[in-house]
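For reference, the chains in residue letters:
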Amino acid sequence: MGFMDAVKAGFKGYVDFNGTSTRPAFWYFVLFMIIAYVAATVIDSVIFGQPSFLYMATSLGLLLPNIAVSIRRLHDMGKSGWFLLIGLIPLIGLIVLIYFYVQPSKMADNIYR
């Protein structure tokens with residue numbers, strides 16, 4: 001799956017919390033989000049002098065697709081989407097989630113496929 005295919009799939013299934021998302025599809029979508037945030041920050045800084053409206057609009061627009069892709073990535077490893085709540089624990093939660101996201105797909109006996 002290429003970059004554009006991953007971004008299209010992320011937005012196409014932005015409210016679909018069922019199924020799976022492969023590791024490349026997840027990381028390509030994360031790359032797209034980083035690019036979008038940087039672009040919004042730069043444009044906001046040029047127009048308003050500080051990140052404000054466009055950055056907030058980008059954040060709100062990408063919130064639901066990000067949650068959906070993250071849950072589908074956890075499903076691809078055989079984990080429940082509720083593991084996403086581990087991210088609420090400062091620093092340790094982020095490290096645990098990144099560890100989960102880099103794991104290979106679990107093909108055998110995956111109940112989410």
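We now turn to the structure provided with this report. (Residues numbered from 1 in each chain as written. Predicted model: local features only at pLDDT ≥ 70, side-chain atom pairs only at ≥ 80, totals over all residues. Heavy atoms only, no water.)

### A short note on the overall build of the protein
Our working rule: Each helix corresponds to a stretch of at least 4 residues labelled H or I by DSSP, and each strand to a stretch of at least 2 residues labelled E; elements are numbered beginning at the N terminus. Using a 1.4 Å probe on the protein chains alone, a residue whose accessible area is under 20% of its type maximum counts as buried, one over 50% counts as exposed, and one in between counts as partly exposed. Contacts are residue-level and defined by heavy atoms, with any inter-residue pair within 4.5 Å sufficient. We get accessible surface area from the Shrake-Rupley algorithm with a probe of 1.4 Å; when it comes to residues, only the shown protein chains can shield them. Within this scheme the basic residues Lys and Arg register as positive and the acidic residues Asp and Glu register as negative, but His and the chain ends are omitted. We put the charge of a Lys on NZ, of an Arg on CZ, of an Asp on CG and of a Glu on CD.
Counting its secondary structure elements, the protein contains 4 helices and 0 strands. The order of helices and strands in the protein, counted from the N terminus, is α-α-α-α. Along the longest, intermediate and shortest principal axes, the C-alpha atoms of the protein span 50 × 30 × 20 Å. Counting across all 113 residues of the protein, residues that qualify as buried make up 28%. Excluding contacts between residues fewer than 6 apart, the proportion of contacts in the protein whose partners are at least 24 apart in sequence is 65%. When the accessible area of the protein is evaluated, it comes to approximately 7100 Å², of which 73% is carbon and sulfur surface. Averaging the locations of the 8 positively and 5 negatively charged side chains of the protein gives two centres separated by 5 Å.

### Overview of the pattern of salt bridges
Side chains that carry opposite charge are capable of pairing whenever their charged atoms lie near each other. Threshold: Salt-bridge detection follows one rule: a side-chain nitrogen of Lys or Arg within 4 Å of a carboxyl oxygen of Asp or Glu.
Evaluated as defined, the whole model comprises 1 salt bridge. Between Asp 76 and Arg 73 there is a salt bridge; the shortest N-O distance is 2.7 Å. One end of the pair is Asp 76 and the other is Arg 73, both in helix H3 (residues 53–76) and 3 residues apart, which spans about a single turn.

### A short note on the side chain of Asp 76
Convention followed: As used in this structure description, the phrase polar contact means that two N or O atoms lie within 3.5 Å; if the pair is within protein, one of them must be able to donate a hydrogen and the other to accept it, and residues adjacent in sequence are counted only when both atoms belong to side chains.
Assessed through its relative accessible area of 0%, Asp 76 is described here as buried. Here Arg 73 takes part through its side chain, which lies 2.7 Å from a polar atom of the side chain of Asp 76.

### A short note on the nonpolar core
Note the threshold: Side-chain atoms within 4.5 Å link the members of a nonpolar core, which is a set of buried Ala, Val, Leu, Ile, Met, Phe, Trp, Tyr and Cys residues.
With 12 residues, the main nonpolar core is built from Phe 26, Phe 29, Val 30, Met 33, Ala 36, Leu 62, Val 69, Leu 74, Met 77, Leu 97, Phe 100 and Tyr 101. For this core, the secondary structure elements donating two or more residues are helix H2 (23–48), H3 and helix H4 (92–102). No other element matches the 5 residues that H2 contributes to this core. If near-sequence neighbours (up to four positions away) are discounted, Phe 26 is found in contact with Ser 21, Val 69, Ser 70, Arg 73 and Tyr 101.

### A look at the packing of H3 against H4
Note the cut-off: Every angle, taken between N-to-C directions, lies between 0 and 180 degrees, and every axis is a line fitted to C-alpha atoms, over only the stretch in contact when it is a helix. When describing relative orientation, an angle under 35 degrees is termed roughly parallel and one over 145 degrees roughly antiparallel, while 65 to 115 degrees is termed roughly perpendicular and anything else oblique. Each helix crossing is assigned a hand: it is left-handed if the near helix lies turned anticlockwise from the far helix by less than a right angle, otherwise right-handed if that turn is clockwise. As a working rule, the residues Ala, Val, Leu, Ile, Met, Phe, Trp, Tyr, Cys and Pro are called nonpolar, Asp, Glu, Lys and Arg charged, and the rest polar, with Gly in that last group.
Running from N to C, H3 and H4 cross one another at 60°; their axes reach a closest spacing of 9 Å. For the element pair H3 / H4, the angle class is oblique. Relative to H4, H3 is oriented so that their crossing is left-handed. Contacts between H3 and H4 pair Ser 70, Arg 73 and Leu 74 from the former with Phe 100, Tyr 101 and Val 102 from the latter. Residues belonging to the contact of H3 with H4 are distributed by class as follows: 4 nonpolar, 1 polar and 1 charged.

### Describing unusual backbone geometry
Although it is not a glycine, Leu 91 sits at a positive phi angle of roughly 60°. Assignment of secondary structure puts Leu 91 in the loop between H3 and H4.

### Details of the packing of aromatic side chains
Using the following cut-off: Here a Phe, Tyr or Trp ring, Trp counted by its six-membered ring, pairs with any other such ring whose centre lies within 6.5 Å, and the pair is stacked when the planes are under 30 degrees apart, edge-to-face when over 60, and tilted otherwise.
The final tally for this structure, using the stated rule, is 10 aromatic pairs. Judged by centre distance (6.5 Å) and plane angle (85°), the rings of Trp 27 and Tyr 101 are edge-to-face. Of the two residues, Trp 27 sits in helix H2 while Tyr 101 sits in helix H4, which places them 74 residues apart along the sequence. When the centroid spacing of 6.2 Å and the interplanar angle of 50° are considered together, the rings of Tyr 99 and Phe 100 count as tilted. Through pairs of rings, three or more aromatic residues link up here, namely Phe 11, Phe 29 and Phe 32.

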